[in-house]
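Remarks on the overall topology
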2 protein chains.
Amino acid sequence: MLKRPSGKDRARASLLPGVAIDKTSGRAVYWQLYDEIKRLILEGIIPAGASMPSPRLVALEFGCSRHTVSTAYEYLSAEGLLSASHGVGTFVSSLVESSLLNYSPAESEVQLARRLQPSNFALALEAGRMERDEEDPLQTFGIPDADNFPWSAWSKVYASIWSKPQRDLTRATSPQGYPRLREAICTFVHRVRGIRATPDQVLITAGTTQSVDLLLRSMLNEGDPVWVEDPGRPKAVALIQAMKMRRVAIPVDEHGLRVDIAEERAPDARAALITPSHHYPTGATLSLERRLRLLAWASRTGGWIFEDDYDGELIADGRPLLPIYSLGQNDRIVYMGTFSKSISPQLRLGYIICNRELIQHLTRFRYFLDYFPAMNMQPVLAEFISSGKLDAYVRRMRKSYRERQKAFASQIERHSHPEFELYRNAPALFQPLGLSEASYSDSALAQLARGHGIPAFPLSPFYFDVTPKPGIIIGTGRLPLEMIPQIVENLVEASRMLSSA
Amino acid sequence: MLKRPSGKDRARASLLPGVAIDKTSGRAVYWQLYDEIKRLILEGIIPAGASMPSPRLVALEFGCSRHTVSTAYEYLSAEGLLSASHGVGTFVSSLVESSLLNYSPAESEVQLARRLQPSNFALALEAGRMERDEEDPLQTFGIPDADNFPWSAWSKVYASIWSKPQRDLTRATSPQGYPRLREAICTFVHRVRGIRATPDQVLITAGTTQSVDLLLRSMLNEGDPVWVEDPGRPKAVALIQAMKMRRVAIPVDEHGLRVDIAEERAPDARAALITPSHHYPTGATLSLERRLRLLAWASRTGGWIFEDDYDGELIADGRPLLPIYSLGQNDRIVYMGTFSKSISPQLRLGYIICNRELIQHLTRFRYFLDYFPAMNMQPVLAEFISSGKLDAYVRRMRKSYRERQKAFASQIERHSHPEFELYRNAPALFQPLGLSEASYSDSALAQLARGHGIPAFPLSPFYFDVTPKPGIIIGTGRLPLEMIPQIVENLVEASRMLSSA
């Protein structure tokens, strides 16, 4: 196979064809040789049974020591790819059936994709995907304005804890979450959300997406009916459907979930997944009457209330729009909080609060799925809360978000554009704008708005069974205050353009 | 209900029974009043329909302004708990049916636990739990010695990135993982594990526990046969069983998984979950012959090889014990790596490497389950790798772990205690010790050893169908070098004590 080089070819021919050693790479030469010879063997360029050139000759060719080459050979022998026969030489192992290993680049991506054979669960999840690129900041409207976050103060807290960490810190691996963070969360949720809980009632999670998955997976079975809000969260609904639970979509009006309809349609539901303080994505608040009715249903039937309070700390209505959980002790409410809105989704830190027994169950359960929540940020966040830094930041941002939303709303009113109806709900990070009178689709307007750099997303894809009310949701939380008049101007202009198209 | 106080009781009686306001608490008085009145209403102490005392009287009693009390009343009205009737006064809403909300502390924990009704999946997982407290550092033997980690250098890298983060950093939310970390991992795994991959072939996960869950959930279905090592990982096996897949336990000998037996028992397996470089928990390395056979099986049947290379960087045998993945491109191998052993499990950062299509599939899939991996540590780790700091640390620790394991082994040999057989496998963080000749149980010895502060765990609970070989696994990676003679002394002594008991 390896033809003897003639005088002319000599400069380019090699005992190890195609092998180049880079002595400046920082990677030991014996490792490079090992790697390259292995590749030649596995690609069948040096075939099974072939005799290897002597280390002396290889060393000569590559300008290294004989020992270096012998080490590479030794490693390859240890791995079984070469076998040395004393006095005779070194051979490529007859075990190597290179044909097995060859990757065929001719295989098309379609064939490959077919060979992937995802699970039924994965296929069902995929089917519920919303056409939305959440990596595009203009397509998300619930992301906080993290540019204002006191990164430097946070970084100092980090250094104060981790530059010389205490021993118990580097060993903590609690699946329930770092105890001091759980304590801090208890005081925080009491202050900002009126919730009374003890640290043994708290589980730290990687955010609400994971909280929902943990709850569904550990508490419900295939076929179990689950109430979901309509419009609501497509991601959670896709998960419920892929898990083969029965998704019961319940209409939402300006007072939140129509609990009466829910009870009529599926009184036997095992759980209700809801956003009562600030409905996602319309911003409605569930009325007390409906809250009490929901609690009565849960007590009577043993159904769960999975309360997603994703942006509670930021609701800036001037009056408390507190979670159902704050209404009192009820073992059927599971409260989900997150730091994704108050700090940043990048933290991936959220929490579940509920009765102690359920927390113990969830803790044991999560141990199998992701072992425990990453430790690095937990003590930092605990300190950030305990020192009052988070409260101060949340207060400041709540005010700022309110100002932006107010400015946005007043500009919309000033224009009194006939096609825009302002949803008059508590403001936080986003503001929906109804488009019932519009002659164009909400996705067309959202797209045009994004073209102007405005975070905007259509409302209609958030509907399931209910006939969609067209609208767009604007991420007001990240609009620069001074830009808002121009932004509304652009929105009105975009709407006019579409109407006359 | 509230009896009019007589002169004598006046000092103690109150318009709001049991309410105490703490003006030094830092929590606004109107919030405290709101909280307390709400509690009184919800607990039925102030019943539905009752008339509330006037703000003037309440202000007088608690020494605050009338406005403060009015604000609390206003909030309670906004929430629907009170209703004000102009000129007549303020009443507790007739909606409140306090009986609904009352928590009955009389309910026993047993009743509560029964009412939890975990999912079938959760119950099945729980049934597969191993009796082992992983929060007890003496019961874990795979934990690295994080006290040597350059925390201060790490902390500096953190500060350099996050004390004034770039805008694109605070907005990155990639479900596949931060691109620069994926790049850094590619160069790292090439250097230390001989793996060639491009960043689009890498998915960042929250560690191997999550990697396994993601793979099982997204690629396999109920009833699918899966090869697992016996002995092996009880946690992963519990997961496979709870997902109703068919767990096919395959014996492991000193050359790793008996691929021949596996092919005989379940040639139609959809996946093989294995630790070929350093079998968990015996330390065996899968021979080349068996690797090639495994690859041939995967190519022929389309079965997956889920390769768990949990401590590859630390194996200190002097020769490379590389992963199967390094044998060449094969679309059926999914490689799982982790920073849990090379740095610390506290990071919760691991990765999956495989063909691009599968990575895309996993990325879309994980979006629904935990959205994206926490960002904070990803750029720090990327920089730590790129700057060569991780390589240096891993080299140092590999040497240190090897020294400890060698010292341990030589002490065992020195004693030539008839009941201890040293497993002669590549050392990393742990060392198994066989106890076939012992008259006592391996768990008894492990427990006694832990009483001496030695990280020790019995080997027999890691067996599934194969008859357990008794033994103990010592976490040599965290034994202080100078203590090792004494530790082995103690082990031998413990064994003698148990034998003569």
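Residues numbered from 1 in each chain as written. Chains lettered and ligands numbered in written order. Predicted model: local features only at pLDDT ≥ 70, side-chain atom pairs only at ≥ 80, totals over all residues. Heavy atoms only, no water.

1. Section: the overall build of chain A
Looking only at helices and strands, chain A has 18 helices and 14 strands in total. Taking 23 Å as the expected radius of gyration for a compact globule of 501 residues, we find that chain A reaches 31 Å, considerably beyond that expectation. Overall, chain A is about 90 × 60 × 50 Å in size when its C-alpha atoms are taken along their principal axes. Split into buried and exposed, the 501 residues of chain A put 60% on the buried side. Looking at chain A alone, contacts between residues at least 24 apart form 71% of all its contacts between residues at least 6 apart. Mean positive and mean negative side-chain charge positions of chain A (58 and 55 charges, respectively) differ by 6 Å. (Helix = DSSP H or I, 4+ residues; strand = E, 2+ residues; numbered from the N terminus. Rg over C-alpha atoms; globule rule 2.2 N^0.38 Å. Buried < 20%, exposed > 50% of the residue type's maximum accessible area, 1.4 Å probe, protein only. Contact = heavy atoms within 4.5 Å. Lys, Arg positive; Asp, Glu negative; His and termini not counted. Charge placed at Lys NZ, Arg CZ, Asp CG, Glu CD.)

2. Here we look at the pattern of salt bridges
In total, this model carries 46 salt bridges over all chains according to the counting rule given. Across the salt bridge formed by A:Arg196 and B:Glu36, the nearest N and O atoms sit 3.8 Å from each other. Taken together, the positions of A:Arg196 in the loop between helix H9 (179-193) and strand E3 (202-205) and B:Glu36 in helix H1 (residues 29-42) put the pair across two chains. Judged by relative accessible area, A:Arg196 falls into the partly exposed class, the value being 45%. Exposure remark for B:Glu36: the relative accessible area of 14% places this residue in the buried category. Beyond isolated ion pairs, a larger network of salt bridges with shared partners links A:Arg196, B:Arg27, B:Asp35, B:Glu36 and B:Arg39. (Salt bridge = Lys/Arg side-chain N within 4 Å of Asp/Glu carboxyl O.)

3. Details of the packing of helix H14 (residues 356-370) of chain A against helix H10 (residues 208-219) of chain B
Axes are the key here: two packed helices are described by the angle between their axes and the distance separating the axes. Between H14(A) and H10(B), the shortest axis-to-axis distance is 6 Å and the interhelical angle comes to 80 degrees. Viewed along their axes, H14(A) and H10(B) adopt a mutual orientation that is roughly perpendicular. Along its contact with H14(A), which presents A:Tyr367, A:Phe368, A:Leu369 and A:Asp370, the element H10(B) presents B:Thr209, B:Gln210 and B:Asp213. By residue class, the composition of the contact of H14(A) with H10(B) is three nonpolar, two polar and two charged. (Axes fitted to C-alpha atoms, helices over the stretch in contact; angles between N-to-C directions. Parallel < 35°, antiparallel > 145°, perpendicular 65-115°, else oblique. Nonpolar A, V, L, I, M, F, W, Y, C, P; charged D, E, K, R; others polar.)

4. Examining the nonpolar core
One finds A:Trp227, A:Phe339, B:Trp227 and B:Phe339 to be the most contacted residues of the largest nonpolar core, which totals 266 residues. Leave out the neighbours within four places in its chain, and B:Phe339 touches B:Ile185, B:Phe188, B:Ser344, B:Leu347, B:Leu349, B:Gly350, B:Tyr351, B:Leu381, B:Ile385 and B:Leu390. (Core = buried A, V, L, I, M, F, W, Y, C linked by side-chain atoms within 4.5 Å.)

5. Description of the interface of chain A and chain B
The interface of chain A with chain B comprises 109 residues on the first partner and 111 residues on the second. Approximately 10500 Å² of surface area, both sides summed, lies buried where chain A meets chain B, with 56% of it carried by carbon and sulfur atoms. Linking chain A with chain B are 11 salt bridges, by the criterion used here. Measuring nitrogen to oxygen at the nearest pair gives 2.9 Å for the salt bridge that ties B:Asp213 to A:Arg217. Between chain A and chain B we count 39 residue pairs in polar contact (both at pLDDT 80 or more) in total. (Buried area = accessible area lost by both parts, 1.4 Å probe. Polar contact = N/O pair within 3.5 Å; in protein donor to acceptor, adjacent residues only side chain to side chain.)

6. Points about the sheet that holds strand E7 (residues 271-274) of chain B
Neighbouring strands of a sheet are bound in pairs by backbone hydrogen bonds; such pairs are parallel or else antiparallel. All names here are of chain B. Spatially, E3-E10-E9-E8-E7-E4-E5-E6 is the arrangement adopted by the eight strands of the open sheet, whose pairing is mixed. The strands lining the two open edges of the sheet, one partner per strand, are strand E3 (202-205) and strand E6 (256-257). In the sheet, E3 pairs with strand E10 (residues 350-353) via four bridges, with the strands oriented antiparallel. Paired with Val 202 across the bridge in E10 is Ile 353. (Pairing = 2+ DSSP bridges.)

7. Quick look at empty space enclosed by the protein
Residue and element names in this part refer to chain B. By the definition in use, this model includes 12 cavities of 30 Å³ or more. Of the pockets and cavities examined, the largest cavity occupies roughly 660 Å³. Glu 134, Thr 209, Arg 233, Lys 235 and Tyr 280 are, among the 36 residues lining the largest cavity, the residues nearest its centre. Broken down by element, the lining of the largest cavity gets its largest block of residues, five residues, from helix H11 (residues 234-242). (1 Å grid on protein atoms, 1.4 Å probe; cavity = no way out; pocket = protein on both sides within 12 Å on 5 of 7 lines; lining within 4 Å. Points joined across faces, edges and corners; volume = space filled by probe spheres on them.)

8. A look at the domain arrangement of chain A
Residues and elements named next belong to chain A. Taken as a whole, chain A is organised into domain 1 (9-101), domain 2 (123-129 + 137-391) and domain 3 (400-500). Relative to domain 3, the C-alpha centre of domain 2 lies at a distance of 27 Å. Counting residues at the interface gives 36 residues for domain 2 and 29 residues for domain 3. Here domain 2 and domain 3 share an interface that buries about 2700 Å² over both sides, 64% of which is from carbon and sulfur atoms. When the area that domain 2 buries against domain 3 is broken down by residue, the three leading residues are Leu 138, Phe 141 and Asp 230, summing to 25%. Inspection of the domain 2/domain 3 interface yields two salt bridges. The residue Asp 465 makes a salt bridge to Arg 247 at a minimum N-O spacing of 2.8 Å. At the junction of domain 2 with domain 3, the criterion picks out 13 residue pairs in polar contact (both at pLDDT 80 or more). Contributions of two or more residues to the side of domain 2 that touches domain 3 are made by strand E4 (225-230), helix H11 (234-242) and strand E5 (246-253). (Domains from an automatic or database assignment.)

9. Points about the sheet that holds strand E14 (residues 471-474) of chain B
Residues and elements named next belong to chain B. Strand order in this open sheet of four strands is E11-E12-E14-E13, and the pairing throughout is antiparallel. The sheet terminates laterally at strand E11 (421-422) and strand E13 (456-458), the two strands that pair on one side only. Helix-sheet contacts for helix H16 (residues 389-415) involve E11, strand E12 (431-434) and E14, and the interaxial angle to E12 is about 15 degrees.

10. Section: the relation of the copies chain A and chain B
Taken as rigid bodies, chain A and chain B are interconverted by a rotation of 180 degrees and an axial shift of 0.0 Å, the fit giving an RMSD of 0.1 Å. What we have between these two chains is a two-fold relation. When C-alpha positions in chain A are compared against the rotation axis, the closest is assigned to A:Ala159, at 3.7 Å. Of the interface residues in chain A, 100% have counterparts in chain B that sit at the interface too, so the contact is made through matching surfaces. (Least-squares fit on C-alpha atoms with pLDDT ≥ 70 in both.)

11. Comments concerning the packing of helix H6 (residues 120-127) of chain A against H11(A)
Residue and element names in this part refer to chain A. The interhelical angle for the contact between H6 and H11, taken along N-to-C directions, is 145 degrees, at an axis separation of 8 Å. Judged by the twist between their axes, the crossing of H6 over H11 is right-handed. Side by side, H6 and H11 meet where Phe 121, Ala 124 and Leu 125 of the first sit next to Ala 238, Leu 239 and Ala 242 of the second. Among the residues making up the contact of H6 with H11, the classes are represented as six nonpolar, no polar and no charged. (Left-handed = near helix turned anticlockwise from the far one by under 90°.)

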